[in-house]
Amino acid sequence: MDLQTALADFLAAHPGYDAAAIAGLRSREFARLEDLGHVYLDYTGGGLYGASQVRLHRELLDSGVFGNPHSHNPTSLAATALVERARESVLRFFNADPDEYDVVFTPNASGALKLVGEAYPFGRGDHFLVSYDNHNSVNGIREFALRAGAEVTYVPVRNPDLRLDADLIGAGLRSLAPGQHGLFAYPAQSNFSGVQHPLCWIETARGLGWDVLLDCAAFAPTNRLDLGAVHPDFVPLSFYKMFGYPTGAGALIARREALAKLCRPWFAGGTITLASVAAGTHMLAPGHAGFEDGTVDYLGLPAVTIGIKHLDAVGIDAVHERVSALAGWLLDQMSAWRHSNGSPMVRIFGPSVMDRRGSTIAFYLLDPEGDVIDVYRFESLAGQQRISVRTGCFCNPGDGEVAHGINAEDMSRCFRTPEVPVTLVDCQRLIEDSTGKVPNTVRISLGIASDFADVWRFAEFAQGFRDIRASEV
Ligand SMILES: Cc1ncc(COP(=O)(O)O)c(C=O)c1O
């Protein structure tokens, strides 16, 4: 089916899809995609910036003189004002009450997660309750918990939808004894499967004494996070995933009460009200200042204000509607593709319909005999058509292990020689050779500039594998 016919069918099925709005946005802000012939399908990896964001940022830098904040001279004050404006923009965008929430600027979501992990007051008898479905930067918090003698409990996702079992979550949450510290961490949207986990667990968990870390790095770019409606204690995110630019800025949005519970393991320039060498002591600055080590990215952070304005102008709800419609079309298509012998062409990991899921799709292609098409070869062939997809485990080993049926014994093969680091590709080959399981996945994800032509071009490319044997690719 040609693009125009497919588009007409899609529009008939999705009357709410505003084709004129996305066409205007593409030509105004993202013309480089067309000019260079790219189909960008890795928004969960990184968002794309609009042309006006870069222009406005440059104009701002050209029109002022900005010095290091933390001083009272005019150039320093000008930089401080821009940083504080960015902080206010973040709170406003997420509808966070400034009396309840504070914003700590970090280099990225991982930086925000590390701040929580290293400073959470884990001790013997305390708990870190964590979903299998998590990015490694959340998994890494377990090292702080274990070192402090706390217990770490993983709640598995289940096949085939890769959702968490509400009963298991409930049982985990009820296990916290009075007086214990408990940190419960899960993603609002999976960066692997696109599953959106229930936000109602936040209040349940907090009611049972837990501090809740809701990883919104993969959720915030295409969904409205309303911190007036839900009240997680810690929200890490990266701004480049939301609006592409700047790449060196993220945030820990934290409830002020929760932030005050954290015990920083050190102090640095900018984080103290006072430090003494002679007296050997220091006083940590209250709120965000106590967590922003050294000089913040004061020339980059104004681009966060610009990016938020841009995303506001495009409309997060409009982005959500658009990518949901496009991902729904793609899921329907992919589920229906068949080889001539009637066997399915695709295996999707996670939900194959747009119910409580975002626009991130994990899958691999199968050949007519059910053998898996090598994902790296698929990525490379897609790349030759300027189609950007992602392969690997997406730093989410828990989801990948469940999706591919890999158990602890399978994985232990990859950890037998700690002195010789094993790469992800080595590990995948080792598991494939020893178990026959193929732990490789392709991920496509949609975002602010996605349009119908993107998903159609991908669909055309992928259908080119119909009736092709895996050994011939
Ligand atoms: C859900 C999730 N959390 C955390 C991260 C880490 O983000 P960053 O690499 O920007 O620190 C990512 C990155 O892909 C993610 O998808």
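Residues numbered from 1 in each chain as written. Predicted model: local features only at pLDDT ≥ 70, side-chain atom pairs only at ≥ 80, totals over all residues. Heavy atoms only, no water.

1. Thoughts on the pattern of salt bridges
In total, this model carries 25 salt bridges according to the counting rule given. Between Arg429 and Asp374 there is a salt bridge; the shortest N-O distance is 3.7 Å. Here the residue Arg429 occupies a position in helix α18 (residues 424-435), and Asp374 occupies one in the loop between β14 (360-365) and α15 (375-384), the gap between them amounting to 55 residues. Residue Arg429 is classed as partly exposed on the basis of its relative accessible area, which comes to 34%. Asp410 is the salt-bridge partner of Lys437, the closest N and O atoms lying 2.6 Å from each other. One end of the pair, Lys437, is in the loop between α18 and β17 (441-445); the other, Asp410, is in helix α17 (residues 408-412), and 27 residues separate them in sequence. (Salt bridge = Lys/Arg side-chain N within 4 Å of Asp/Glu carboxyl O. Helix = DSSP H or I, 4+ residues; strand = E, 2+ residues; numbered from the N terminus. Buried < 20%, exposed > 50% of the residue type's maximum accessible area, 1.4 Å probe, protein only.)

2. Description of the environment of Val346
Along the chain, Val346 turns up in strand β13 (residues 346-349). For the pair Val346 and Ala336, spaced 10 residues apart in the sequence, the C-alpha separation amounts to 8.6 Å.

3. Some thoughts on the sheet that holds β14
One open sheet holds the four strands; their spatial order is β13-β14-β17-β16, and the pairing between them is antiparallel. Each having just a single partner strand, β13 and β16 (390-392) make up the two edges of the open sheet. Pairs of neighbouring strands in the sheet enclose a mean axial angle of 35°, with direction left out of account. Relative to β14, β13 runs antiparallel, the two being bridged by four bridges. Bridge pairing in β14 places Val346 opposite Leu365. Across the sheet, α15 touches β14, β16 and β17, and the angle it forms with β16 is around 165°. (Pairing = 2+ DSSP bridges. Axes fitted to C-alpha atoms, helices over the stretch in contact; angles between N-to-C directions. Contact = heavy atoms within 4.5 Å.)

4. Here we look at helix α6 (residues 109-119)
Counting buried residues along α6, eight of its 11 residues qualify, which places the element largely inside the surrounding structure. Listed in full, the buried residues belonging to α6 are Ala109, Gly111, Ala112, Leu113, Leu115, Val116, Gly117 and Ala119. Looking at where α6 begins, the residue whose side-chain oxygen comes 3.3 Å from the main-chain nitrogen of Ser110 is Asn108. (Polar contact = N/O pair within 3.5 Å; in protein donor to acceptor, adjacent residues only side chain to side chain.)

5. A few points about the packing of aromatic side chains
In this structure the tally under the stated criterion is 21 aromatic pairs. A ring pair is formed by Phe105 and Phe239, whose centres lie 6.4 Å apart and whose planes are at 55°; its orientation type is tilted. Of this pair, Phe105 sits in strand β2 (residues 101-106) while Phe239 sits in helix α11 (residues 239-243), placing them 134 residues apart in sequence. The buried category is assigned to Phe105, whose relative accessible area is 6%. (Phe/Tyr/Trp six-rings, centres within 6.5 Å; stacked < 30°, edge-to-face > 60°.)

6. Looking at the site of the ligand
Near the ligand, the surroundings consist of Thr44, Asn108, Ala109, Ser110, His135, Asn191, Asp215, Ala217, Ala218, Ser238, Tyr240 and Lys241. Contacts to the ligand include Tyr240, whose side-chain N or O atom sits 2.7 Å from an oxygen atom. Relative to its unbound accessible surface of 390 Å², the ligand loses 89% to contact with the protein. Elements represented by at least two residues in the shell around the ligand include exactly α6 and α11. A per-class count over the shell around the ligand returns four nonpolar, six polar and two charged. (Near = heavy atom within 4 Å. Areas by Shrake-Rupley, 256 points an atom, 1.4 Å probe, with all protein chains shown as cover. Nonpolar A, V, L, I, M, F, W, Y, C, P; charged D, E, K, R; others polar.)

7. Quick word on the environment of Arg256
Mapped onto the elements of the fold, Arg256 is located in helix α12 (residues 256-261). Sequence separation between Arg256 and Asp426 is 170 residues; the distance between their C-alpha atoms is 44 Å. For Arg256, the residues in contact, after removing those within four places along its chain, are Pro98, Asp99, Glu100, Tyr101 and Asp102.

8. Let's talk about helix α13 (residues 302-314)
Taking 1.5 Å of rise per residue, 13 residues should cover 18 Å, and α13 covers 19 Å from first to last C-alpha, within 8% of that figure. In terms of burial, α13 is a largely internal element, 10 of the 13 residues being buried. Listed as buried for α13 are Pro302, Ala303, Val304, Thr305, Ile306, Gly307, Ile308, His310, Leu311 and Val314. At its buried positions, α13 is contacted by α2 (19-29), α4 (51-62), α5 (74-93), α11 and α14 (316-336). Once α13 ends, the next one or two residues include Gly315, with phi positive near 95°. (Expected span 1.5 Å × (residues − 1).)

9. Examining unusual backbone geometry
A cis amide bond links Asn159 with the next residue in sequence, Pro160, at an omega value of 0°. Within the element layout of this structure, Pro160 appears in the loop between β5 (157-158) and β6 (163-164). A positive phi angle, close to 60°, is found at Leu162, a residue other than glycine. By the secondary structure assignment, Leu162 is in the loop between β5 and β6. Residue class for Leu162 comes out buried when judged on its relative accessible area of 0%. Despite not being glycine, Phe394 has its phi angle at roughly 60°, a positive value. In this structure, Phe394 sits in the loop between β16 and α16 (397-403). For Phe394, a relative accessible area of 7% gives the class buried.

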